Amino acid sequence: MDNTSNAKITSAEIAALWTQYMNETASICIHKHMMEHIEDIDIRGVFEYAMSLSTKHIEKIKEFFRSEGYPIPIGFTDNDYTPNAPRLFSDILCLKYVNIMSLHGCHGYSGAITTCSRLDVRNYFNECNASAVELSNRTKDILLEKGVYHRPPVLNPPDSSEYVDDNNYVTGWFGEKRALSCIEITNIYFNLKKSSFAKALIVATHQVAKSTIVKNFLLKVIKSAGENIKMFNEVLISENLPSAPTFDHEITDSTVSPFSEKLLMFQIGFLSSTAMVYYGTGLASASRRDLSSKYMMAIMADLKISNDWIKIMIKNRWLEQPPLAEDRKELAKG
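What counts and how
- Residues numbered from 1 in each chain as written.
- Predicted model: local features only at pLDDT ≥ 70, side-chain atom pairs only at ≥ 80, totals over all residues.
- Heavy atoms only, no water.
- Disulfide = S-S within 2.5 Å.
- Patch = residues over 30% accessible without salt bridge, like charges linked within 9 Å, V, L, I, M, F, W, Y side chains within 5 Å.
- Areas by Shrake-Rupley, 256 points an atom, 1.4 Å probe, with all protein chains shown as cover.
- Salt bridge = Lys/Arg side-chain N within 4 Å of Asp/Glu carboxyl O.
- Helix = DSSP H or I, 4+ residues; strand = E, 2+ residues; numbered from the N terminus.
- Buried < 20%, exposed > 50% of the residue type's maximum accessible area, 1.4 Å probe, protein only.
- Polar contact = N/O pair within 3.5 Å; in protein donor to acceptor, adjacent residues only side chain to side chain.
- Axes fitted to C-alpha atoms, helices over the stretch in contact; angles between N-to-C directions.
- Parallel < 35°, antiparallel > 145°, perpendicular 65-115°, else oblique.
- Left-handed = near helix turned anticlockwise from the far one by under 90°.
- Contact = heavy atoms within 4.5 Å.
- Nonpolar A, V, L, I, M, F, W, Y, C, P; charged D, E, K, R; others polar.
- Lys, Arg positive; Asp, Glu negative; His and termini not counted.
- Core = buried A, V, L, I, M, F, W, Y, C linked by side-chain atoms within 4.5 Å.
- Phe/Tyr/Trp six-rings, centres within 6.5 Å; stacked < 30°, edge-to-face > 60°.

(A) Structural view of the state of the cysteines. Evaluation of the coordinates by the stated rule reveals 0 disulfides. You can see C29 has no disulfide; the closest cysteine sulfur is in C94, sitting 15 Å from it. Residue C116 stays outside any disulfide, its sulfur separated by 10 Å from that of C128, the closest cysteine.

(B) Seen up close, a nonpolar patch on the surface. Side chains of I310, I314 and L319 sit close together on the surface and give an oily, nonpolar patch of about 240 Å² of accessible area. Within the fold, I314 resides in helix 8 (residues 289-315). I314 sits in the exposed class, given a relative accessible area of 53%.

(C) Just the side chain of R288, in detail. Its location among the elements puts R288 in the loop between helix 7 (261-285) and helix 8. Of the polar contacts made by the side chain of R288, one reaches the backbone oxygen of R178; its length is 2.6 Å.

(D) Quick look at the packing of helix 7 against helix 8. Where helix 7 meets helix 8, the closest approach of the two axes is 9 Å, and the angle between their N-to-C directions is 155 degrees. Relative to helix 8, the element helix 7 is oriented roughly antiparallel. Here helix 7 and helix 8 pass one another in a crossing that is left-handed. From helix 7, K262, M265, F266, G269, S272, A275, M276, Y279, G280, G282 and L283 reach across to helix 8, where they touch S292, Y295, M296, A298, I299, D302, L303, I305, S306, W309, I312 and M313. Partitioned by chemical class, the residues of the contact of helix 7 with helix 8 number 15 nonpolar, 6 polar and 2 charged.

(E) Quick look at the environment of Y70. Residue position: Y70 is located in the loop between helix 2 (41-68) and helix 3 (91-115). Owing to a relative accessible area of 29%, Y70 belongs among the partly exposed residues under this scheme. With 20 residues separating them in the primary sequence, Y70 and S90 have C-alpha atoms 39 Å apart. Every residue in contact with Y70, bar those within four places of it in the chain, is listed here: I9, I14, F65 and P323.

(F) Structural context of the side chain of D302. As for its position among the elements, D302 is in helix 8. K194 is the oppositely charged side chain nearest to the buried, salt-bridge-free D302, at an N-O distance of 8.6 Å. Sequence-distant contacts of D302, defined by excluding residues within four places in its chain, comprise S224, N228, S272, A275, M276 and Y279.

(G) A look at the nonpolar core. Judged by nonpolar contacts, the single largest core of 78 residues is most densely connected at F89, F125 and F217. Of all elements in the fold, only helix 1 (11-37), helix 2, helix 3, helix 4 (119-145), helix 5 (182-208), helix 6 (212-238), helix 7 and helix 8 reach the threshold of two or more residues within this core. Among all residues touching F217, those that are not within four sequence positions of it are M265, I268, I305, D308, W309 and I312. In terms of nonpolar packing, the next biggest core, distinct from the first, is built from 19 residues, I188, Y189, Y295 and I299 among them.

(H) Region of the structure containing the packing of aromatic side chains. All chains considered together, the criterion is met by 11 aromatic pairs. For the pair F64 and Y124, a centre-to-centre distance of 5.7 Å together with 65 degrees between the ring planes defines the contact as edge-to-face. Within this pair, whereas F64 is found in helix 2, its partner Y124 is found in helix 4, the two being separated by 60 residues in sequence. Exposure remark for F64: the relative accessible area of 5% places this residue in the buried category. For Y124, a relative accessible area of 4% corresponds to the buried category. Each ring, one from F76 and one from F266, has its centre 4.9 Å from the other, and the planes form 55 degrees; the classification is tilted.

Functional significance is not addressed by these values, which are geometric in nature.
Here it is, written out as structure tokens:
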């Protein structure tokens, strides 16, 4: 069985490691600013744990790259972080940041485990996944203890289990709509919590950004995010279900940026791309046609945002290129 660490590393393994390196180096810069101002002892403890994980991960990824002859990615460094900048986020928003990012870690690491082949790389991502689950649980426990974790809606149990026997189950554009299923509610509420959190970070980014082109872009992102949030909140409200919370009030009035615009824009790109992934999950599991159309509208809106984002990133030389396959046609010319 070719399961040893002697096998050449695959494109899937390099993709997972390279992506993680970018995210970890970005997170360290953001965590440094947050840790300068966090007052709550419990929240600080979680951040210290998260920082220790990121530091270990970066060193391990460097080992993989060096052993395979790949250059270490540039990622983000202290040049992308400004020490002693005024506080931009409340303690609670900092905690929610780590909680949301730990969820992304759980999904990303589990995906890496399924696509990676080499045993040593899979073992590494197994460890990452376990620590991401631990971080998610720690942050959620503190949010619950402080009474600021927003639980999804609660349903009354049905009298019995039954099969679908009516075509109205998939209607939604016209006629009477059936009630939302627990699966549909879960995806809507989860996406709303993530979108509301992302919008708060985007508002904060716009507040401290200096470049005109970046500020104008961020205004479009804020508008788009607000429209998506309103669209899905209205679905819950129409079903007499609680809407998701907002987080804009957890931002301070500082206009001094703790981060480079390259880092700010990278974070916006990450949030936009992951939003499309989760909207896609909601689309795949939505049986009511009106929900499907809403998810498609949200994805299309984020695709437009991503198109503008990549143009700005390339123009400013902020977009780092992942390892590419050999260009066989160019090699043949040489």
